[in-house]
Amino acid sequence: MHPLLKKKGFILDIDGVVGRSVEPIEEGVRGVLKLIEAGKRVVFVSNNSTRSRRILLERIKSFGIPASERDIISATHATASFIAREKNGARVFTTGEEGLKEELLNAGLKLVDYEEADYLVVGSNRNLDYELMTKALRCCLRGVRYVATNPDKIFPSENGPTPGTGLIIGALYWMTGRKPDVIVGKPSKVIMLEALRRLGLRAEDVVVVGDQIEVDVVAGKRIGASTLLVLTGVAKKEDLEKASTKPDYVLPSLESLFYS
Ligand SMILES: [Mg+2]
């Protein structure tokens, strides 16, 4: 039996582990089903900043994985929970799309224009325009608390690289010299601590699984969990040699846990 199967809980990345966008990764899906069958607690963590948990849940279910909204932590949801814990009912200006707005409202926060905001929440927006960027700039210049959903520079889409949240974070930095006060998504601890709370487990009882060293493995190390890199996504075997952070284990896929 693989030593990681002694652990009680698994924090799983979605893209590159169980699916590629809307397409399932069969070995990854079979791996999740086997973990559930073995009685492991499982939570999915995604840096996606445009989709709500509801949308991610539909995707996971379409892969044939039984899950509920409670089993998913998206950067959108974790950002909303983080702000709600820090300042209940806070007034927020966001650059984000509907998925992020939905989570902010669900957490009891108020969406307001930039002049009235206590928080600037930066998340990706595929319809970003000059007017929205102007508002984000002015909100940032007001010196309000600045929270970014994730630090992703580039998002790998089906037809090639597209701008990640870094498009807005980078532009604001160039214009104002400000960086986010808090970044929620991986490799930040903020989203990982939310995942641990959800599992109700301590880090030493948990495995963090992902397909990117600088994102998932670093995030897992930051909370002191065991880390497993799977090669069904971004990272290739040859990337391991030059990586400054080494995962505890590397396997071809999540399902390989049960065959090694
Ligand atoms: Mg991934």
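Criteria and thresholds
Residues numbered from 1 in each chain as written. Predicted model: local features only at pLDDT ≥ 70, side-chain atom pairs only at ≥ 80, totals over all residues. Helix = DSSP H or I, 4+ residues; strand = E, 2+ residues; numbered from the N terminus. Buried ≥ 20, exposed ≤ 12 C-beta atoms within 10 Å, placed from the backbone. Contact = placed C-beta atoms within 7 Å. Domains from an automatic or database assignment. Nonpolar A, V, L, I, M, F, W, Y, C, P; charged D, E, K, R; others polar. Pairing = 2+ DSSP bridges. Right-handed = clockwise from strand over helix to strand, strands pointing away. Core = buried A, V, L, I, M, F, W, Y, C linked by C-beta atoms within 7 Å. Expected span 1.5 Å × (residues − 1). Arc of directions from axis to C-beta. Axes fitted to C-alpha atoms, helices over the stretch in contact; angles between N-to-C directions.

K.L.:
Describe the overall build of the protein chain, naming the residues involved and giving the relevant values.
P.N.:
For the protein chain, the count of helices and strands is 9 helices and 15 strands. Structurally, the protein chain occupies a C-alpha span of about 60 × 35 × 30 Å along its principal axes. Here the protein chain holds 260 residues, and the buried ones make up 48% of them. The long-range share in the protein chain, meaning contacts at least 24 apart out of those at least 6 apart in sequence, stands at 66%.

K.L.:
Tell me about the domain arrangement of the protein chain, and please be specific about residues and values.
P.N.:
Taken domain by domain, the protein chain consists of domain 1 (3-23 + 36-47 + 186-259) and domain 2 (76-183). If you average the C-alpha positions of domain 1 and of domain 2, the two centres end up 26 Å apart. Contacts between domain 1 and domain 2 engage 7 residues on the former and 9 residues on the latter. Partitioning the side of domain 1 that touches domain 2 into residue classes produces 3 nonpolar, 3 polar and 1 charged.

K.L.:
If you had to explain the pairing of strand E9 (residues 145-148) to someone new, which residues and values would you point to?
P.N.:
Alignment of strand E8 (residues 119-122) against E9, held across 4 bridges, turns out to be parallel. Each residue of the ladder has a partner; that of tyrosine 119, found in E9, is arginine 145. Taking the sense of rotation as the criterion, the β-α-β connection linking E8, helix H5 (residues 130-141) and E9 turns out right-handed. Examined bridge by bridge, E9 and strand E12 (residues 182-183) share 2 bridges and lie parallel to one another. Bridge pairing in E12 places alanine 148 opposite isoleucine 183.

K.L.:
Provide a residue-level description of the nonpolar core, including the pertinent values.
P.N.:
Formed by 71 residues in total, the largest nonpolar core has its most connected members in Ile11, Val92, Leu120, Ala195 and Val209. Residue-level mapping places this core at the junction of two domains, with at least three residues from each of domain 1 (3-23 + 36-47 + 186-259) and domain 2 (76-183). Excluding residues that lie within four positions of it along the chain, valine 209 makes contacts with Phe10, Ile11, Leu12, Asp13, Val17, Leu228, Val230 and Leu254.

K.L.:
With reference to specific residues and values, describe unusual backbone geometry.
P.N.:
Going from lysine 186 to proline 187, the amide bond is cis rather than trans, its omega being 10 degrees. Within the fold, proline 187 resides in the loop between E12 and helix H7 (189-199). Phi is positive for serine 21, which is not a glycine, with a value near 55 degrees. Its 10 C-beta neighbours within 10 Å are what place serine 21 among the exposed residues.

K.L.:
Give a description of H5 that names residues and reports values.
P.N.:
With 12 residues, H5 should reach 16 Å at 1.5 Å per residue; the first-to-last C-alpha distance of 16 Å fits that figure. Among the residues making up H5, those that are buried are Ala136, Cys139 and Cys140. The buried residues of H5 all sit within an arc of 100 degrees when viewed along its axis, so they share a single face. Opposite the buried face of H5, at more than 90 degrees from it, the exposed residues are Tyr130, Glu131 and Thr134. On its buried side, H5 packs onto strand E6 (91-94), E8, E9 and helix H6 (166-176). Positive phi appears at glycine 143, one or two residues downstream of H5, with a value of about 80 degrees.

K.L.:
Go over the pairing of strand E1 (residues 9-13), please, and point to the residues and values.
P.N.:
Taking burial as the measure, the 5 residues of E1 include 5 buried ones, the bulk of the element. Going residue by residue along E1, you find Gly9, Ile11 and Asp13 tucked away on one face and Phe10 and Leu12 tucked away on the opposite face as well. Across 4 bridges, the pairing between E1 and strand E13 (residues 206-210) is parallel. Residue isoleucine 11 lies in a different strand from E13, and its bridge partner there is valine 208.

K.L.:
Could you give an account of the sheet that holds E8, with specific residues and numbers?
P.N.:
Spatially, E7-E6-E8-E9-E12 is the arrangement adopted by the 5 strands of the open sheet, whose pairing is parallel. Edge positions in the sheet fall to strand E7 (110-111) and E12, since each has one partner strand and no second.

K.L.:
Explain the sheet that holds E13 to me, and be specific about the residues and the numbers.
P.N.:
In space, the 6 strands of this open sheet follow the order E5-E4-E1-E13-E14-E15, with parallel pairing throughout. Each edge of the open sheet carries a strand with a single partner, namely strand E5 (72-74) and strand E15 (249-251). Averaged over all neighbouring strand pairs, the angle between strand axes comes to 20 degrees, with direction disregarded. Where E13 and strand E14 (residues 226-230) come together, 4 bridges link them in parallel fashion. In the strand pairing of E14, valine 208 is matched with threonine 227. Running at roughly 155 degrees to strand E4 (residues 41-46), H7 makes contact with E1, E4, E5 and E13 of the sheet.

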